[in-house]
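Remarks on the overall topology
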Amino acid sequence: MSGTALLICGALGKEVKAIVDGHGWDVDIYGVPAMHHFYPKMIVEAVDAKLSAIAGRYQRVVVVYGDCGTAGALDPVLDRYGAERLQGPHCYEMFAGEDFDRIVDERPATFFLTDWLVRNFERAVVRGRGLDRYPDLKDVYFHNYTDLLYLAQFPDDRLLAKAAEIGEYLELSLEVRRVGMGQLETRLAALVEAAA
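Computed from a predicted structure; not experimentally measured. (Residues numbered from 1 in each chain as written. Predicted model: local features only at pLDDT ≥ 70, side-chain atom pairs only at ≥ 80, totals over all residues. Heavy atoms only, no water.)

**Looking at the overall build of the protein**
We count it as follows: Put simply, DSSP H or I for four residues or longer makes a helix, DSSP E for two residues or longer makes a strand, and each gets a number counted from the N terminus. It is over C-alpha atoms that the radius of gyration is taken, and the globule rule equals 2.2 Å times the number of residues to the power 0.38. Burial classes follow relative accessibility: with a 1.4 Å probe on protein chains only, a residue under 20% of its type's maximum area counts as buried, one over 50% as exposed, and anything between as partly exposed. Throughout, a contact is declared for two residues whenever any of their heavy atoms are within 4.5 Å. Where accessible areas are quoted, they stem from the Shrake-Rupley method and a 1.4 Å probe; at the residue level, only the protein chains shown are allowed to cover.
Looking only at helices and strands, one finds ten helices and seven strands in the protein. Radius of gyration (C-alpha) of the protein: 17 Å, near the 16 Å computed for a compact globule of 196 residues. Reported as C-alpha extents along the three principal axes, the dimensions of the protein are approximately 50 × 30 × 30 Å. Within the protein, buried positions represent 46% of all 196 residues. Here the contacts in the protein between residues at least 6 apart in sequence split such that 67% fall between residues at least 24 apart. Of the roughly 9,900 Å² that the protein leaves accessible, carbon and sulfur atoms contribute 50%.

**With respect to the pairing of strand β3 (residues 58-64)**
What counts is decided by this rule: Being paired, for any two strands, means DSSP has found at least two bridges between them. A clockwise course of the path from the first strand over the helix to the second, judged with the strands pointing away from the viewer, identifies a crossover as right-handed.
In terms of burial, β3 is a largely internal element, six of the seven residues being buried. In this sheet, β3 lies alongside strand β1 (residues 2-9) in parallel orientation, the contact comprising six bridges. Counterpart to leucine 7 in the pairing with β3 is valine 63. Direction of pairing for β3 relative to strand β4 (residues 84-85): parallel, over a ladder of two bridges. Residue pairing across strands places valine 63 opposite arginine 85, the latter belonging to β4. Read from β3 through helix α3 (residues 74-81) to β4, the crossover connection turns out right-handed.

**With respect to the packing of helix α1 (residues 13-23) against helix α10 (residues 182-194)**
Angle between the axes and distance between the axes are the two parameters that describe a pair of packed helices. Note the threshold: Helix axes are fitted to C-alpha atoms over the stretch in contact, other axes to C-alpha atoms as well, and angles between N-to-C directions run from 0 to 180 degrees. Geometric relationships in this document are graded by angle, where less than 35 degrees denotes roughly parallel, more than 145 denotes roughly antiparallel, 65 to 115 denotes roughly perpendicular, and other angles denote oblique. Helix crossings are classified by the rotation of the near helix relative to the far one: an anticlockwise turn of less than a right angle makes the crossing left-handed, while a clockwise turn makes it right-handed. Polar here means any residue outside two lists: the nonpolar Ala, Val, Leu, Ile, Met, Phe, Trp, Tyr, Cys and Pro, and the charged Asp, Glu, Lys and Arg; Gly therefore counts as polar.
Put simply, α1 and α10 touch, their axes get as near as 11 Å, and they point 55° apart. For the element pair α1 / α10, the angle class is oblique. Here α1 and α10 pass one another in a crossing that is right-handed. For the pair formed by α1 and α10, the contact residues are Glu15, Val16, Ile19 and His23 on the first element and Leu184, Glu185, Leu188, Ala189 and Glu193 on the second. A per-class count over the contact of α1 with α10 returns five nonpolar, one polar and three charged.

**A word on the sheet that holds strand β7 (residues 174-178)**
Here we have three strands laid out as an open sheet, ordered β5-β6-β7, and parallel in their pairing. Both edges of this open sheet fall to β5 (110-113) and β7, since each of them pairs with a single strand only. Neighbouring strand axes in the sheet, compared pairwise and without regard to direction, differ in orientation by 25° on average. Taken together, the four bridges between β5 and strand β6 (residues 147-152) define a ladder with parallel strand orientation. The residue of β6 that forms the bridge with threonine 110 is aspartate 147. Helix α5 (residues 99-106) contacts β5, β6 and β7 of the sheet and is inclined by roughly 145° relative to β5. The strands that helix α9 (residues 157-170) touches are β5, β6 and β7; relative to β6, the one it contacts most, it runs at about 165°.

**Brief notes about the side chain of arginine 85**
To be explicit about the condition: The definition of a polar contact used here is a pair of N or O atoms within 3.5 Å, where within protein one atom must be able to donate a hydrogen and the other to accept one, and adjacent residues in sequence count solely through side-chain atom pairs.
Checked against the element boundaries, arginine 85 lands in strand β4. Here glycine 88 takes part through its backbone oxygen, which lies 3.2 Å from a polar atom of the side chain of arginine 85. When near neighbours in sequence (up to four residues on either side) are disregarded, arginine 85 contacts Val63, Tyr65, Gly66, Asp67, Leu74, Asp75, Leu78 and Leu191.

**Thoughts on the sheet that holds β1**
The strand order β2-β1-β3-β4 describes an open sheet built from four strands, whose pairing is parallel. The open sheet terminates on both sides in strands that have one partner only, identified here as β2 (27-32) and β4. Direction of pairing for β1 relative to β2: parallel, over a ladder of six bridges. Counterpart to isoleucine 8 in the pairing with β2 is glycine 31. Against the sheet, α10 makes contact with β1, β2, β3 and β4, and its axis sits at roughly 170° relative to β3, the strand it touches most.

Next comes the structure, spelled out in C-alpha cells:
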C-alpha cells in the first residue's frame, strides 16, 4: 500500500501541483473535472467513483475540495472511504483566507474569479451556461452582482488583461487581489504533513 493520494478538483490542478512541488511531497494526484461545479451532485458522484477506484491502494487519501455546493453530501462519501478533505466551503474562501467573511459581509453580491476561472471563462461560463447562444441570459445570471473580485494565484499579465475583459463583459468594476495560494496551501500542508 502506497502513502498518500490527493484527489483534486481540476480547477486547482496548477495550484496543487505547485504546492506539491514546492514541498517536495511524494504523493499521487488524481483529478475530477472542474466543470462539475455547475452540477454539484456530479462532484459527489465523481469523487465517489474515484475513491472507489483507488480504495485500498493508499494509506491516506486527501480530497482537495471544499463543500463546493454539495450541501454536505460530499462528507458522507469521504467517511465511507476514510478520506479527508480540506475544510471550507469552496476555493474562493480558501484563497481569500481571513478576508473572505468580511468581503461577503460587506459586499455580498461579489462575483469571484480565480486563475482557473479567468483562463476558462469563455468555456465554463459563456459557452457552459449558454450565453453564446442566448446572450439575454447574461442579465438574468449577473443582474444582482455589484462587484467583481479576482483572487489571483500566480502573477500573469495575460490573466490580468483577460480579467479586465471579463469585467467589461459583465459590466462590473474589477478588483484584483494577489492572494497566491492563501489557505489552500496551509490547509493542504496540515493534512499531508500530518501523515508523514
